[in-house]
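In case you want the letters, here they are:
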Amino acid sequence: MLSAEQARLLKKNWKDIGASSVANPMMFVVAQFYRRLLRKKGYKRIFEGIDIETQYFKMQGALTACVEFAENLDKFADTIRRIGARHARYNMTPNMMNDVVDSLVPSLKEFSLDHGITWNEEIEEAYDEWLEQVTGYFMEGIMNAPPPPPVAAAAGPKVVEVKENGSGQPKVVATAH
Ligand code: HEM
């Protein structure tokens, strides 16, 4: 849980970045986030075929909403869980949440330092704490997501009835497509 002061510091930094004279500053930060994330093992496969620029928009929107709720993120928890649940099909592990932190915080820091925006240990800690909460809810959503429909089974012939064949072995008596 972020203290009121941590939430203030984080929101101020987010706002300062957004107010920077660079075109689409937060998009730039998010692009750096994906550049860092995609350098790590296993991510290229997940983002294969996905329009990454559209993804920048989606991620920026989700993160900005999480910033707005920084001091009472529990009020936004169900939305974050729902977003997490939609990620269940990517076989993500809790460890990947560290990659989110390790990719996003340095991107925010780098942008701040490069553009004369205040950055210090307190701000970094506030972001760490916030992301720990965000990724915690996100992972809860993944863990509790309903299992995906059995795609492979649905594509193949369906076993309609399985009977005992008299010798202890199952025998498929009817199949349908
Ligand atoms: C390592 C962590 C993550 C990976 C690998 C990942 C990957 C992906 C992928 C592959 C998509 C689908 C894009 C598409 O189909 O066009 C997606 C969508 C999305 N992601 Fe992530 N994501 C991660 C973390 C997060 C986090 C932490 C958030 C925000 C809390 C987030 C928010 C979103 C949103 C808002 C979408 C748009 C669609 C939807 O809501 O399902 N992602 N992500």
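Since the structure is predicted, the reported quantities are computational estimates derived from the model, not experimental observations.

S.K.: Just to check I follow, could you spell out the site of the ligand for this structure?
M.R.: With respect to spatial proximity, 19 residues lie near the ligand, and among them I50, K58, A62, R86 and M96 are the closest. Those elements that place two or more of their residues in the shell around the ligand are α3 (43-46), α4 (52-68), α5 (77-85), α6 (96-114) and α7 (121-143). With 4 residues, α4 is the largest single contributor of residues to the shell around the ligand.

S.K.: Please clarify how α4 should be interpreted in this entry.
M.R.: An α-helical turn contains 3.6 residues, so any two residues separated by three or four positions project in the same direction. The first and last C-alpha atoms of α4 sit 24 Å apart over 17 residues, in line with the 24 Å expected at 1.5 Å per residue. Turning to α4, its buried residues number three or more, namely L63, C66 and V67. Summarising the axial view, the buried residues of α4 lie within an arc of 100 degrees, below the 170-degree limit, and thus occupy one face. Within α4, the exposed residues directed more than 90 degrees away from the buried face are T54, K58, G61 and E68.

S.K.: Please explain the packing of helix α1 (residues 4-18) against α7 as it appears in this structure.
M.R.: Two numbers describe a pair of packed helices, the interaxial angle and the distance between the axes. Their axes nearest at 9 Å, the elements α1 and α7 cross at an angle of 100 degrees. One way to sum up the angle between α1 and α7 is to call them roughly perpendicular. Contacts between α1 and α7 involve Q6, L9, L10 and N13 from the first element and E122, I123, A126, Y127, E129 and W130 from the second. A per-class count over the contact of α1 with α7 returns 6 nonpolar, 2 polar and 2 charged.

S.K.: Would you mind showing me how to read the packing of α5 against α7 here?
M.R.: Between α5 and α7, the shortest axis-to-axis distance is 6 Å and the interhelical angle comes to 55 degrees. One element, α5, and the other, α7, form an angle in the oblique class. Note that α5 runs across α7; the crossing there is right-handed. Counting all contacts with α5, which are made through A77, I80, R81, R82, I83, G84 and A85, the residues of α7 involved are V134, Y137, F138, M139, E140, G141 and I142. Its residues assigned to classes, the contact of α5 with α7 comprises 9 nonpolar, 2 polar and 3 charged.

S.K.: Whenever I open this one, unusual backbone geometry confuses me. Can you help?
M.R.: Phi is mostly negative for residues that are not glycine, and the peptide bonds are mostly trans. You will see that N24, though not glycine, has its phi angle at about 45 degrees, which is positive. By secondary structure assignment, the location of N24 is in the loop between α1 and α2 (25-39). Notably, N91 is not glycine yet its phi reads approximately 50 degrees, a positive angle. Inspection of the secondary structure assignment puts N91 in the loop between α5 and α6.

S.K.: Explanation requested: the confidence of the model for the protein chain in the structure shown.
M.R.: In low-pLDDT segments, the atomic positions of the prediction should not be examined closely. Chain-level pLDDT for the protein chain is 89 on average; 85% of the residues reach the 70-or-more range. The spread of mean pLDDT over the elements of the protein chain runs between strand β2 (residues 170-176), the lowest at 52, and α1, the highest at 98.

S.K.: Got a minute to help me understand the nonpolar core in this structure?
M.R.: Core analysis: the biggest nonpolar cluster contains 27 residues, and L10, A70, A126, Y127, W130 and V134 have the highest contact counts within it. Among the elements that make up this core, the one with the highest residue count is α7 (9 residues). Contacts of W130, omitting those with residues within four sequence positions, involve L2, L10 and A70.

Conventions and cut-offs
- Residues numbered from 1 in each chain as written.
- Predicted model: local features only at pLDDT ≥ 70, side-chain atom pairs only at ≥ 80, totals over all residues.
- Near = placed C-beta within 6 Å.
- Helix = DSSP H or I, 4+ residues; strand = E, 2+ residues; numbered from the N terminus.
- Expected span 1.5 Å × (residues − 1).
- Buried ≥ 20, exposed ≤ 12 C-beta atoms within 10 Å, placed from the backbone.
- Arc of directions from axis to C-beta.
- Axes fitted to C-alpha atoms, helices over the stretch in contact; angles between N-to-C directions.
- Parallel < 35°, antiparallel > 145°, perpendicular 65-115°, else oblique.
- Contact = placed C-beta atoms within 7 Å.
- Nonpolar A, V, L, I, M, F, W, Y, C, P; charged D, E, K, R; others polar.
- Left-handed = near helix turned anticlockwise from the far one by under 90°.
- pLDDT = per-residue confidence, 0-100.
- Core = buried A, V, L, I, M, F, W, Y, C linked by C-beta atoms within 7 Å.

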